[in-house]
Amino acid sequence: MTEPLLRVQPDPTDPRLTRRVTGMDHLGQPIETSVTVERPLTLYLNGQEIVTMMTILDRPEDLAIGYLLNQGMLKRQDRIAAVDYDEDLQVVVVRTDARTNFEEKLKKKTLTSGCAQGTAFGDLMEDFSSVQLPMSAELRTSWLYRLLHRINTLPSLYLEAGAIHGCALARQDEPIVYMEDVGRHNAVDKIAGWMFRNEEGPEDKIFYTTGRLTSEMVIKTVRMGIPILVSRSGFTAWGVELAREANLTLIGRCKGKRFVALAGESRIVFDADPAYVPEESAKHWRKNSLERMATDEG
């Protein structure tokens, strides 16, 4: 029997990630529900403080490295000497062999549309136009339909407590890594960091997100070298424009058997008949917590 490819996924039972709280529902009845726990994480590159992020703190090392890569502060060829995380101080320090100084770059920090205060820098797109995404990559619709079902049935912090975004790295119809966090950009950065630490190539990968297909999401996917980006959510105009410029396959509003592709359509192979694809079950929707679904069903 073939082993599943999934190597990393959230643990909804981890007591550090959710908390039970009491309250009142719309009928005035007392309730107890799970909420997601977010904590600050301060990132240092060598001796320089870079940023403080709000995160669920489940994979701080991956998040730190991925953030630095996606902000252009680390390059793929750079050697990381150490990554030190102090849980009590909520600090992660990335140490490199080469000296670094980003004082000027930090002055150009700009707020992006990413939830939970995503930040990009003025020269974030400095190497965007030079990235060559592989045209040999393809997305078969049969893979897409099976992949969506597999991702939607994974254990999820969203289904446990809500208030969280998910991202997955996949090959064909198999998810390899699934990450969640309070900001979708954090989940993206965790996957970028995991790929760097595990020397995972991007050429044959599909990136899936529950979040909007914004300029930030497109830029990060292209910088990671992944040729296909899929989301349950919709698009922004600049996200579409950048995807077309980079020839990134951009697929949104992807639920059940329906999707819309607005860039890189030549990579899509229509090998599945939608008539034989089952509609997505409501119990797998990522837009409801377990408590709300139970209420609706009752």
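Our structure is the block above this text.
In this text the structure is predicted, and so the values were computed from the model without any measurement.

1. Brief notes about the nonpolar core
Point 1. With 31 residues, the main nonpolar core has Ile191, Phe207 and Leu250 as its most contacted residues.
Point 2. At the level of elements, strand E10 (165-171), strand E11 (174-181), helix H5 (184-197), helix H6 (215-224) and helix H7 (237-246) are the ones that each hand at least two residues to this core.
Point 3. Not counting chain neighbours up to four residues away, the residues in contact with phenylalanine 207 comprise Cys167, Ala168, Leu169, Val188, Ile191, Met217, Thr221, Met224, Ile226, Ile228, Leu229 and Val230.
Point 4. Listed in part, the 21 residues of the second largest apolar core include Leu43, Ile50, Leu69 and Phe196.

2. Observations concerning the side chain of serine 34
Point 1. With respect to the helices, strands and loops of the structure, serine 34 is situated in strand E2 (residues 30-36).
Point 2. A distance of 2.8 Å separates a polar atom in the side chain of serine 34 from a polar atom in the side chain of arginine 20.

3. Let's talk about the sheet that holds strand E3 (residues 39-45)
Working definition: the strands of a sheet are paired by backbone hydrogen bonds and lie parallel or antiparallel to each other.
Point 1. With mixed pairing, four strands are arranged side by side in an open sheet as E4-E3-E6-E5. Two strands lie at the open edges of the sheet, namely strand E4 (48-55) and strand E5 (80-86), each paired on one side alone. Strand-to-strand twist of the sheet, defined as the mean angle between neighbouring strand axes without regard to direction, takes the value 20 degrees.
Point 2. As defined by bridge partners, E5 adjoins strand E6 (residues 91-96) across six bridges and the pair is classed as antiparallel. If you follow aspartate 84 over to E6, its bridge partner there is valine 93.

4. Regarding the packing of aromatic side chains
Point 1. Throughout the structure, instances matching the rule amount to one aromatic pair.
Point 2. The interplanar angle of 20 degrees and the centroid separation of 6.3 Å between the aromatic rings of phenylalanine 259 and phenylalanine 270 together place this pair among those described as stacked. Highlighted residues: phenylalanine 259 in strand E15 (residues 258-263) and phenylalanine 270 in the loop between strand E16 (268-269) and helix H8 (290-297), separated in sequence by eleven residues.
Point 3. Residue classification places phenylalanine 270 among the exposed positions, given a relative accessible area of 64%.

5. Section: H5
Point 1. With 14 residues, H5 extends 20 Å from end C-alpha to end C-alpha; this agrees with the ideal 20 Å at 1.5 Å per step.
Point 2. Across the 14 residues of H5, 13 count as buried, placing the element largely inside the fold.

6. Comments concerning the packing of helix H1 (residues 60-70) against H5
Point 1. At a closest axis distance of 6 Å, the pairing of H1 and H5 adopts a crossing angle of 95 degrees. Here H1 lies roughly perpendicular to H5, going by the angle between them. Within the contact between the two elements, H1 uses Glu61, Asp62, Leu63, Ile65, Gly66, Tyr67, Leu69 and Asn70 and H5 uses Asn186, Val188, Asp189, Lys190, Ala192, Gly193, Trp194, Phe196 and Arg197.

7. Things to note about unusual backbone geometry
Point 1. Phi angles above zero are rare outside glycine, and asparagine 46 is one such case at about 55 degrees.
Point 2. Along the polypeptide, asparagine 46 turns up in the loop between E3 and E4.
Point 3. Its identity as a non-glycine residue notwithstanding, glutamate 199 has a phi of 50 degrees, on the positive side.
Point 4. Look at glutamate 199 and you get exposed, because its relative accessible area is 74%.

8. With respect to the pattern of salt bridges
Between side chains of opposite charge, a pair can form as their charged atoms come close.
Point 1. What the rule picks out here adds up to 20 salt bridges.
Point 2. For aspartate 204, the salt bridge is made with arginine 171, and the minimal N-O distance between the two is 3.2 Å. Placement of aspartate 204 in the loop between H5 and strand E12 (206-209) and of arginine 171 in strand E10 is noted, with a sequence separation of 33 residues between them.
Point 3. Residue aspartate 204 is classed as partly exposed on the basis of its relative accessible area of 41%.
Point 4. You can call arginine 171 partly exposed: its relative accessible area is 26%.
Point 5. Among the ionic pairs, glutamate 216 bridges to lysine 220, the shortest N-O distance being 3.7 Å. Placement of both glutamate 216 and lysine 220 in helix H6 is noted, with a separation of four residues, approximately one turn of the helix. For the residue pair glutamate 216 and lysine 220, the accessibility class agrees, reading buried in each case.
Point 6. Several salt bridges share partner residues, and in doing so they unite Arg7, Arg171, Glu200, Asp204 and Lys205 into one network.

9. Quick notes on the sheet that holds E15
Point 1. Strands sit in the order E11-E10-E12-E13-E14-E15 across an open sheet of six strands; the sheet is mixed. This sheet does not close on itself; its edge strands, each paired only once, are E11 and E15. The average angle at which neighbouring strand axes cross in this sheet is 20 degrees, direction not considered.
Point 2. Pairing of E10 with E12, which is carried by four bridges, proceeds in the antiparallel orientation. Among the inter-strand pairings, alanine 170 is bridged to a residue of E12, identified as isoleucine 206.
Point 3. Packing against the sheet, H6 makes contact with E12, strand E13 (228-231) and strand E14 (249-255), and its axis sits at approximately 155 degrees to E12.

Conventions and cut-offs
- Numbers given to residues run from 1 along each chain, matching the order in which its sequence is written.
- Reporting in this predicted model follows two pLDDT cut-offs: at least 70 for local features of residues, and 80 or more for side-chain atom pairs to be given and counted; totals over whole chains, interfaces and linings ignore these cut-offs and use all residues.
- Only hydrogens and water are removed before side-chain values are computed, so all heavy atoms of the structure are retained for them.
- Nonpolar core, defined: a set of buried Ala, Val, Leu, Ile, Met, Phe, Trp, Tyr and Cys residues in which side-chain atoms within 4.5 Å join the residues together.
- The buried label applies to any residue whose accessible area, calculated with a 1.4 Å probe on protein chains only, is under 20% of its type's maximum; exposed applies above 50%, and partly exposed to all values in between.
- Each helix is a run of DSSP H or I of at least 4 residues and each strand a run of E of at least 2, with the numbering of both proceeding from the N terminus.
- We call two residues contacting when some pair of their heavy atoms lies within 4.5 Å.
- What qualifies as a polar contact is a pair of N or O atoms within 3.5 Å, subject to a donor-acceptor requirement within protein and to the restriction that residues adjacent in sequence count only when both atoms come from side chains.
- For two strands to be treated as a pair, DSSP must find at least two bridges joining them.
- The convention used is that axes are lines fitted to C-alpha atoms, helices contributing only their stretch in contact, and that angles between N-to-C directions extend from 0 to 180 degrees.
- Within 6.5 Å between ring centres, the rings of Phe, Tyr and Trp (the latter by its six-membered ring) count as paired, and their orientation is classed by plane angle as stacked under 30 degrees, edge-to-face over 60, tilted in between.
- Residue count minus one, scaled by 1.5 Å, sets the expected span of a helix.
- Here the angle decides the label: under 35 degrees means roughly parallel, over 145 means roughly antiparallel, 65 to 115 means roughly perpendicular, and every other value means oblique.
- For this analysis, a salt bridge means a side-chain nitrogen from Lys or Arg found within 4 Å of a carboxyl oxygen belonging to Asp or Glu.

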